[in-house]
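Observations on the three-dimensional arrangement
These are the residues of each chain, in order.
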Amino acid sequence: MTMRRIIFGVLFAFLISGTALAQSNQFRDTKAHLGISVGMFTYHGPIDLLQPSSRVNHVDERDPALAIFGSFPITRDRFFFRGMLLFTNFSTKDGRRLVGTGENEFLTKHIFMFEPELVMTLRPGSKSRVLPYVFTGFGATTADIFSSRSKGRIDLPDTGVPGPERSVYHLPVGFGVDVAFNGCWSAFGEISYRWDLNY
């Protein structure tokens, strides 16, 4: 058996298996679902948090991100709860070069984001393969959460050592489209923006 046939067979078995990705509606069923996605995360803000925000102390820094999702229906056709865990800033080299002797752990450390969300489908009850949706929620972004320095202490807003915090609360708003391949598998793409609530 050639390698191509083996790969094709594994992919075919993978597609017809019972695990599911992304959101759910009547076409997909109403069970809990798991999903994974990759994309780009953009830091939009000051380079050095110890200095006033200005045109020269500002950057749009983009990095690859990995997100893990879990969702379940609140109502059968319209509303879903979704939890998201996101990891980004895997390579901190560019951020350390930008910040230099300043301070900004959102650019110089790994970033972890946790976000519970409410998802609303824009086609309630649809059995279409294409399902547009919007979402919002409440989240927290923390830098350097896995280092030994962080053990037993997360520098939440207005706590910990003086200086810039390593955690930010935010309000997400986003839009996405889910395209189903069959009753169990789908692919989704989305864009979102997060308003920081304490920076």
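In this text, all values refer to a predicted model and were calculated from it rather than measured experimentally.

A few points about the layout of surface pockets
Considering only enclosed or pocket space, the largest pocket measures out at about 980 Å³ in volume. Lining the largest pocket we find 33 residues, and of these Phe41, Thr42, Met113, Ser192 and Arg194 sit closest to its centre. For the lining of the largest pocket, the secondary structure elements donating two or more residues are strand 1 (33–45), strand 2 (59–73), strand 3 (79–88), strand 4 (111–121), strand 7 (167–180) and strand 8 (186–196). For the lining of the largest pocket, the class distribution of residues is 21 nonpolar, nine polar and three charged.

A short note on the confidence of the model for the protein
Here the protein averages 79 in pLDDT, and 74% of its residues register 70 or above. Looking across the protein, the model is least confident in helix 1 (residues 3–15), with a mean pLDDT of 47, and most confident in strand 4, with 94. Residue range residues 10–22 is modelled with pLDDT below 50. Its contacts to residues more than four positions away, or to other chains, number 26 contacts.

Comments concerning the pairing of strand 3
The pairing of strand 2 with strand 3 spans nine bridges and is antiparallel. Directly across from serine 71, in strand 3, lies its bridge partner arginine 82. Between strand 2 and the antiparallel strand that follows it, strand 3, lie five residues. The sheet contact formed by strand 3 and strand 4 spans 10 bridges and is antiparallel. Paired with phenylalanine 80 across the bridge in strand 4 is valine 119.

Conventions we followed
- Residues numbered from 1 in each chain as written.
- Predicted model: local features only at pLDDT ≥ 70, side-chain atom pairs only at ≥ 80, totals over all residues.
- Heavy atoms only, no water.
- 1 Å grid on protein atoms, 1.4 Å probe; cavity = no way out; pocket = protein on both sides within 12 Å on 5 of 7 lines; lining within 4 Å.
- Points joined across faces, edges and corners; volume = space filled by probe spheres on them.
- Helix = DSSP H or I, 4+ residues; strand = E, 2+ residues; numbered from the N terminus.
- Nonpolar A, V, L, I, M, F, W, Y, C, P; charged D, E, K, R; others polar.
- pLDDT = per-residue confidence, 0-100.
- Contact = heavy atoms within 4.5 Å.
- Pairing = 2+ DSSP bridges.

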